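Structure assessment
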Amino acid sequence: MKAFTYERPGDVATALALVAEIPGARFLAGGTNLVDLMKLRIEQPTHLVDVSRLPLAEIEDTPEGGLRLGAMTTNSQVAADARVRARYPALAQAILSGASGQLRNKATTAGNLLQRTRCPYFYDTSKPCNKRAPGAGCAAIGGISSNTAIFGASDACIATHPSDMAVALTALDAKVETQSGAGEARVLALEGFHRLPGDTPHVETELRPAEMITAVVLPPPPPGGQIYRKARERASYAFAIGSVAVAGGRVALGAVAHKPWRAEAAELALEQGASPAEAMDAELRAARPDGHNDYKLKLMARLGAACLTTTGAGDGQ
Amino acid sequence: MSSVKDWAAPTPISENRGGLIGKGVDRYEGRLKVTGSAPFAYEVEAPSPPAYGVLIASPIAKGTVTLADISEARVAPGVLLVWTPHNVPAQGERGAKINPRSQRGSNPALAERIEHFGQHVGFVVADTLENAKAAAALVRFDYAAEPADLIFEDNLDAADQPEGEEDVRVGDFEAAFAGAPVRLDETYVSPLQNHAQMEPCATTAWWDGDNVTVHTSIQMVKGGQHTLAETLMIPSTQVRLVTRYIGGGFGGKGQAYDDLTLAALAARELGQPVKVAYTRQQMFQATIHRPAVHMRVRLGAQADGRLDAFALEAVTHCRRETPFTEHAANFARSLYAAPNRLTGHRLVKLDIPAAGPMRAPGEASGMLSLECAMDELAEQLGLDPIELRLRNEPETDPETGKPFSTRQLVRCMTEGAQRFGWDRRHPKPGQVRDGRWLVGLGMAAAIRGNFLLPAKAGVRIDADGTITLRQGMTDIGTGTYTILAQITAETLGVPLAQVKVELGDSDFPPAPGSGGQFGAATAGSAAFAAGMNLRTALAELATGDPNSPLYGDDPELVTFGGGHIAVDNRAEPLDRLVARAAPDGIYVEGSITPAADARDYSQHTYGAHFAEVGVDPDTGEVRLRRMFGVFAAGRILNAKTAMSQITGGMIWGVGTALHEYNAVDPRYGSFIAQDLAGYHVPAHADIADLSAMFLDEVDDKANPMGIKGVGELGIAGAGAAIANAVYNACGARIRQYPLTPEKVLAALP
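Read on for an overview of the structure. (Residues numbered from 1 in each chain as written. Chains lettered and ligands numbered in written order. Predicted model: local features only at pLDDT ≥ 70, side-chain atom pairs only at ≥ 80, totals over all residues. Heavy atoms only, no water.)

What follows deals with the overall build of chain B. Looking only at helices and strands, chain B features 17 helices and 29 strands. The C-alpha atoms of chain B give 27 Å as radius of gyration, which agrees with the globular expectation for 749 residues (27 Å, within 12%). By principal-axis analysis of the C-alpha atoms, chain B measures approximately 80 × 75 × 50 Å. Buried residues in chain B amount to 63% of all 749 residues. Contacts spanning at least 24 positions in sequence make up 81% of the contacts within chain B whose residues lie at least 6 apart. Summing over all exposed atoms, chain B offers an accessible surface of approximately 26100 Å²; the carbon and sulfur share of this is 50%. In chain B, 67 positive and 89 negative side-chain charges are present, and the distance between their average locations comes to 2 Å. (Helix = DSSP H or I, 4+ residues; strand = E, 2+ residues; numbered from the N terminus. Rg over C-alpha atoms; globule rule 2.2 N^0.38 Å. Buried < 20%, exposed > 50% of the residue type's maximum accessible area, 1.4 Å probe, protein only. Contact = heavy atoms within 4.5 Å. Areas by Shrake-Rupley, 256 points an atom, 1.4 Å probe, with all protein chains shown as cover. Lys, Arg positive; Asp, Glu negative; His and termini not counted. Charge placed at Lys NZ, Arg CZ, Asp CG, Glu CD.)

Residue and element names in this part refer to chain B. Within the element layout of this structure, T656 appears in helix α15 (residues 639-658). A residue is classified by how much of its surface remains accessible, and T656, at 6% relative accessible area, is buried. For T656, the contacting residues outside a window of four places in its chain are P191, Q193, L368, Y737 and P738.

Our next topic: unusual backbone geometry. Residues and elements named next belong to chain B. Between Y737 and the following residue, P738, the backbone shows a cis peptide bond with an omega angle of -10°. Assignment of secondary structure puts P738 in the loop between α16 (718-730) and α17 (741-747). The phi torsion at L110 lies on the positive side, around 60°, for a residue other than glycine. Within the element layout of this structure, L110 appears in the loop between β3 (79-83) and β4 (113-114).

All names here are of chain A. Here F122 shows up in helix α8 (residues 120-123). Along the sequence, F122 and A133 sit eleven residues apart, while their C-alpha atoms lie 9.9 Å from each other. In this view, F122 contacts L37, I42, R116, T117, C129, K131 and R132; residues no more than four positions away in its chain are not counted.

Further remarks concern the interface of chain A and chain B. Across the boundary between the two partners, chain A contributes 36 residues, which contact 42 residues of chain B. When the two sides are added together, the surface that chain A and chain B hide from each other amounts to roughly 2900 Å², 54% of it contributed by carbon and sulfur. When residues of chain A are sorted by the area they lose upon contact with chain B, E233, R234 and R302 of chain A head the list and together hold 24% of the total. At the boundary of chain A and chain B, one finds two salt bridges. Between D616 of chain B and R229 of chain A there is a salt bridge, with the nearest N and O atoms lying 2.7 Å from each other. Summed over the shared surface of chain A and chain B, the number is 16 residue pairs in polar contact (both at pLDDT 80 or more). Breaking the side of chain A that touches chain B down by element, the ones donating at least two residues are α8, β9 (226-231) and α12 (295-311) of chain A. Looking at the side of chain A that touches chain B element by element, the count peaks at six residues for α12 of chain A. When its residues are assigned to classes, the side of chain A that touches chain B shows 17 nonpolar, seven polar and twelve charged. (Buried area = accessible area lost by both parts, 1.4 Å probe. Salt bridge = Lys/Arg side-chain N within 4 Å of Asp/Glu carboxyl O. Polar contact = N/O pair within 3.5 Å; in protein donor to acceptor, adjacent residues only side chain to side chain. Nonpolar A, V, L, I, M, F, W, Y, C, P; charged D, E, K, R; others polar.)

Given a rise of 1.5 Å per residue, 17 residues ought to cover 24 Å, and the 24 Å separating the end C-alpha atoms of α12 of chain A matches this to within 8%. Looking at α12 of chain A, one finds that the buried residues are Y295, K296, L299, M300, L303, G304, A305, A306, C307, L308 and T311 of chain A. Buried positions along α12 of chain A lie against β9, β10 (242-247), β11 (250-254), α10 (264-271) and α11 (276-284) of chain A together with α17 of chain B. With its phi angle positive at about 75°, G312 of chain A sits one or two positions after the end of α12 of chain A. (Expected span 1.5 Å × (residues − 1).)

Residue and element names in this part refer to chain A. Running from N to C, α11 and α12 cross one another at 140°; their axes reach a closest spacing of 8 Å. One finds that α11 runs oblique with respect to α12. Remark: the crossing between α11 and α12 carries right-handed chirality. Between α11 and α12, the contacting residues are P276, A277, A279, M280 and L284 on the first element and L297, M300, A301, G304, A305, L308 and T309 on the second. Taken together, the residues of the contact of α11 with α12 break down into ten nonpolar, two polar and no charged. (Axes fitted to C-alpha atoms, helices over the stretch in contact; angles between N-to-C directions. Parallel < 35°, antiparallel > 145°, perpendicular 65-115°, else oblique. Left-handed = near helix turned anticlockwise from the far one by under 90°.)

Strand-to-strand pairing in sheets goes through backbone hydrogen bonds, with the strands running parallel or antiparallel. Residue and element names in this part refer to chain B. Taken in spatial order, the three strands of this open sheet run β23-β24-β25, and their pairing is antiparallel. Since the sheet does not close on itself, it has two edges, and those belong to β23 (559-561) and β25 (570-573), each with one partner. The mean angle between the axes of side-by-side strands here comes to 25°, regardless of whether they run parallel or antiparallel. Relative to β25, strand β24 (residues 564-567) runs antiparallel, the two sharing four bridges. (Pairing = 2+ DSSP bridges.)

Let us look at the pairing of strand β3 (residues 47-50) of chain A. Neither face of β3 of chain A is left uncovered, since the one carrying H47 and V49 of chain A and the one carrying L48 and D50 of chain A both have all their residues buried. Between the parallel pair strand β2 (residues 25-28) of chain A and β3 of chain A, the chain is carried across by helix α2 (residues 34-39) of chain A, and the sense of this crossover is right-handed. (Right-handed = clockwise from strand over helix to strand, strands pointing away.)

Residue and element names in this part refer to chain B. Looking at the second largest pocket, its volume works out to about 480 Å³. For the second largest pocket, the lining is made up of 32 residues, of which T11, P12, F528, M532 and R535 are closest to its centre. Only α1 (12-15), α12 (480-492), α13 (519-543), β23 and β26 (586-592) provide two or more residues apiece to the lining of the second largest pocket. Per-element tally for the lining of the second largest pocket: the top contributor is α13, with five residues. (1 Å grid on protein atoms, 1.4 Å probe; cavity = no way out; pocket = protein on both sides within 12 Å on 5 of 7 lines; lining within 4 Å. Points joined across faces, edges and corners; volume = space filled by probe spheres on them.)

What follows is about the sheet that holds strand β6 (residues 140-145) of chain B. All names here are of chain B. Read from one edge to the other, the open sheet built from three strands follows the order β4-β2-β6, with strand pairing classed as antiparallel. Both edges of this open sheet fall to β4 and β6, since each of them pairs with a single strand only. Across six bridges, the pairing between strand β2 (residues 63-69) and β6 is antiparallel. When the sheet's bridge partners are listed, L67 is paired in β6 with D142.

Attention now goes to the packing of aromatic side chains. Overall, the coordinates contain 14 aromatic pairs over all chains when judged by the stated rule. The interplanar angle of 35° and the centroid separation of 6.0 Å between the aromatic rings of W83 of chain B and F123 of chain B together place this pair among those described as tilted. Of this pair, W83 of chain B sits in strand β3 while F123 of chain B sits in strand β5 (residues 120-126), and the two are 40 residues apart along the sequence. Here the aromatic rings of Y257 of chain B and Y278 of chain B are separated by 6.2 Å at their centres, their planes lie at 55°, and the arrangement is tilted. Here Y257 of chain B, found in the loop between β12 (239-242) and α7 (258-270), pairs with Y278 of chain B, found in the loop between β13 (274-277) and α8 (280-285); they are 21 residues apart in sequence, far enough to count as distant. Overall, Y278 of chain B belongs to the buried group, its relative accessible area being 4%. Members of the aromatic cluster, joined through ring pairs, are Y28, F40, Y245 and Y481 of chain B. Over the ring of Y668 of chain B we find K127 of chain A; its NZ or CZ atom is 4.7 Å from the centre of that ring. Over the aromatic face of F177 of chain B sits the side chain of R298 of chain B, whose NZ or CZ is 5.8 Å from the ring centroid. (Phe/Tyr/Trp six-rings, centres within 6.5 Å; stacked < 30°, edge-to-face > 60°. Lys NZ or Arg CZ within 6 Å of the ring centre and 35° of its normal.)

Before going further, it helps to examine empty space enclosed by the protein. Residue and element names in this part refer to chain A. Summed over the entire model, instances satisfying the criterion amount to six cavities of 30 Å³ or more. Volume-wise, the largest cavity comes out at about 90 Å³. For the largest cavity, the lining is made up of 16 residues, of which C119, C129, C138, A140 and C157 are closest to its centre. Taken together, the residues of the lining of the largest cavity sort by class into 13 nonpolar, two polar and one charged. Its boundaries defined by the atoms lining it, the second largest cavity holds a volume of some 60 Å³. Here the residues of the lining of the second largest cavity are counted per class, giving one nonpolar, five polar and three charged.

Shown next, in the form of structure tokens:
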């Protein structure tokens with residue numbers, strides 16, 4: 001770990017100002033990912049601005065009939081909220097399928113969106129990685145990891161986004177509310193919040209420097225069923241090797257790309273009367289497996305079709 | 001030398017008048033551990049403020065360190081010392097005296113020559129751990145890398161017969177196999193596994209003049225002491241090695257690593273205590289691992305299922321400079337009858353970290369092959385898998401013809417089948433559904449050798465009646481403290497609370513340590529012998545003391561119980577006797593050696609595993625639904641700790657079948673999984689309903705107490721029962737472990 005300083009401001013404006021002013025400063029929320037990465041020297045902030053106790057931990061109803069999840073709501077809090085469980089069961093299922101109870105108690109809504117990939121070559125600092133050192137190259141390409149992207153990978157990076165929650169939020173068409181040092185507030189669709197790697201895989205989201213997520217807003221739940229299912233190598237405390245979220249007619253896939261992957265081709269096929277299996281085939285036609293992750297085609301085809309069958313997505317079109 | 005016949009006589013253990021033998025008493029050190037007050041090696045308080053050492057690892061697999069620039073690190077804040085291959089102090093050659101086969105592992109520390117990825121090339125000591133870690137990042141190395149052989153599967157053709165290990169042949173396997181009406185010829189692959197102990201390797205070291213004291217996490221006290229003495233080029237008498245609590249060993253801490261060497265060297269250099277611990281990543285890359293094994297099984301049977309021909313040939317790998325054979329075929333030499341037999345091993349040498357023993361070495365890998373092959377053969381024959389095994393149950397050891405000391409394998413299988421509900425297994429795979437899950441049942445036999453090694457123990461009684469057992473034995477989380485307290489208390493007829501146990505110190509009478517499931521029998525038998533010697537001393541003391549009510553009695557007639565020493569109805573409390581007649585206390589030692597005729601018997605522990613799994617046809621995920629095991633392992637000393645050992649082994653078997661493996665990157669020689677997020681052992685949610693039972697058994701050929709080891713038996717065969725259940729559930733026969741969703745999905749229609 002590299003030496004750093006720490007402070008805990010009392011309000012959002014001060015926190016934004018500090019991170020804007022101090023080179024190398026970072027927001028610290030639950031710390032479940034950032035601190036681990038600091039220990040490995042993958043993250044090397046000079047200064048931590050602890051935002052975990054800012055008054056951003058409420059879950060509020062919106063006038064439109066949705067929910068606003070404060071940035072500092074914990075994963076446990078959101079998953080246990082009666083409104084979330086009743087109206088957004090896919091979100092509760094997704095959160096509860098991730099990490100462990102202890103981690104979910106600490107991890108926050110905003111932090112969950114900003115967690116970094118679990119690519120083993122990202123974690124092994126003896127290997128080149130364009131996320132850690134832009135331009136260094138990608139050791140995962142030609143390596144032996146099988147939990148890599150089948151959609152949207154580039155010559156610079158084949159990592160996947162590890163979040164379960166973000167996959168459900170994508171299917172639920174959530175929005176991300178932010179503020180930045182100048183006092184500017186923005187609203188970003190979660191679907192466009194994370195980026196594909198391209199040739200800048202170290203730039204993972206559309207957040208600007210010193211911009212902070214203040215809330216995630218869920219629109220009213222869509223008509224139709226919801227589900228989140230996750231395939232993994234053990235029953236608990238493992239990252240997905242593939243996951244599927246369905247909310248009404250919207251479908252998102254996890255562990256297949258550098259971002260939660262909205263399955264637009266599958267959605268379109270469903271609208272046009274395709275069966276669940278046909279819809280997944282339509283989506284997976286664009287997949288580009290690399291020889292190590294080919295199993296994901298069969299996995300996503302079956303898991304996706306099973307989820308769409310369960311929710312009845314596409315029925316009655 | 002003693003004979004096993006001497007061991008059949010009644011003893012305080014077999015009579016068990018106090019009822020402590022077999023009782024599920026709580027762990028002796030349990031309260032200390034759950035309250036966080038048991039000091040592990042890194043946490044031991046040093047006599048003066050310590051410095052902190054950090055190790056730097058090689059990013060290449062093979063080659064030479066050509067440059068080590070410490071100029072920046074040397075002047076970084078708080079830095080006390082920076083060592084590289086070019087300035088590390090001289091170290092004595094080790095291994096010749098201790099165990100040339102495995103102790104070579106980490107000698108010397110910080111060698112210029114790189115033999116595997118992750119080998120340590122630098123060492124920084126600073127006033128704080130943080131400063132040491134920061135400075136470690138400032139040391140610059142250059143390497144001359146060389147081509148390396150890294151991948152087992154790519155080098156199978158280079159497999160050689162291990163030195164001194166001939167194949168074992170009985171009859172004419174080839175002819176019998178060729179002529180058998182029913183044949184099976186399949187190859188199974190078991191995975192490379194890392195020990196992944198919770199507690200990393202760690203040492204706290206300090207010097208007092210010419211003498212060094214090291215608190216370290218090691219399974220073998222004497223081995224560690226001698227190894228360090230050789231490295232430091234000082235007599236062993238100047239090295240005190242202490243290992244009170246160990247957060248998991250599993251065979252991976254049988255030897256000394258760089259933390260021990262460098263903490264001791266640096267503490268001497270600095271004149272200050274030094275602490276060194278491995279990081280989680282270093283635990284994967286710079287200790288030992290269980291090697292992968294390719295196992296070809298050939299079975300030739302008559303139509304009624306009787307085996308005519310049996311062969312198990314295992315190919316495994318080790319580090320080029322550190323020969324080690326995973327004896328995956330040995331167990332099969334004693335398991336099933338077949339007149340024509342072939343077993344043997346081949347070894348591939350690679351430039352990766354050293355292979356070495358891990359819990360149930362041999363059996364844990366080997367039984368994954370044969371116990372599935374028997375399942376496959378049973379299906380070919382149209383027989384129930386248990387029935388096939390019953391038809392091949394030998395009357396004597398099938399290879400040597402020696403009598404079994406005890407063998408309750410048949411009862412383990414039949415009792416287990418009844419209790420588990422084996423009759424509900426559908427003989428045809430893929431027939432049972434529960435919701436989306438395909439459900440199947442599987443079973444496998446278990447066998448694991450039983451061993452007794454030489455050991456000593458010391459026991460003293462003080463004037464207050466406290467009895468203290470001291471032994472250079474270790475407790476790696478298995479319950480050794482607890483069972484030694486039970487044995488000592490029962491032998492001397494005192495309540496458990498009157499007994500103290502002190503372990504893990506090279507100043508104490510030596511025991512071989514924890515490994516090979518020989519610990520309880522070996523250390524326990526020595527403790528029992530010491531206790532018996534103390535009984536003799538106390539009997540002589542009482543019968544010779546005019547103030548004792550036992551004065552003048554025949555010492556042979558003295559009995560012990562309830563904290564009293566007695567003859568007929570004359571008795572007095574032990575503390576009163578000792579306070580009066582031996583106020584300085586009495587100390588005696590006892591020892592155990594294997595009986596001269598112990599090898600006249602085929603001696604093993606046995607069991608049978610039963611598993612029910614669900615397979616998700618959408619994802620290929622396998623989930624254990626329930627598992628049950630029946631075991632026969634001699635007299636059980638502690639129902640609770642023995643059950644923990646057995647079920648812990650079964651859980652490892654579940655992990656071996658479904659989750660746990662590592663793989664080597666073909667370009668770098670590094671393991672793909674280097675932390676516990678990436679290296680999957682079963683989580684609680686993976687182990688639904690898992691239980692076990694022990695059959696009543698006393699093995700009077702094993703040792704004076706009739707006990708056997710239970711630490712490794714539980715893992716033997718467990719994974720095969722899971723794999724057989726997966727086949728029964730969905731019809732996918734996967735012969736390459738573990739059965740990950742990726743492999744299961746590929747095998748599903």
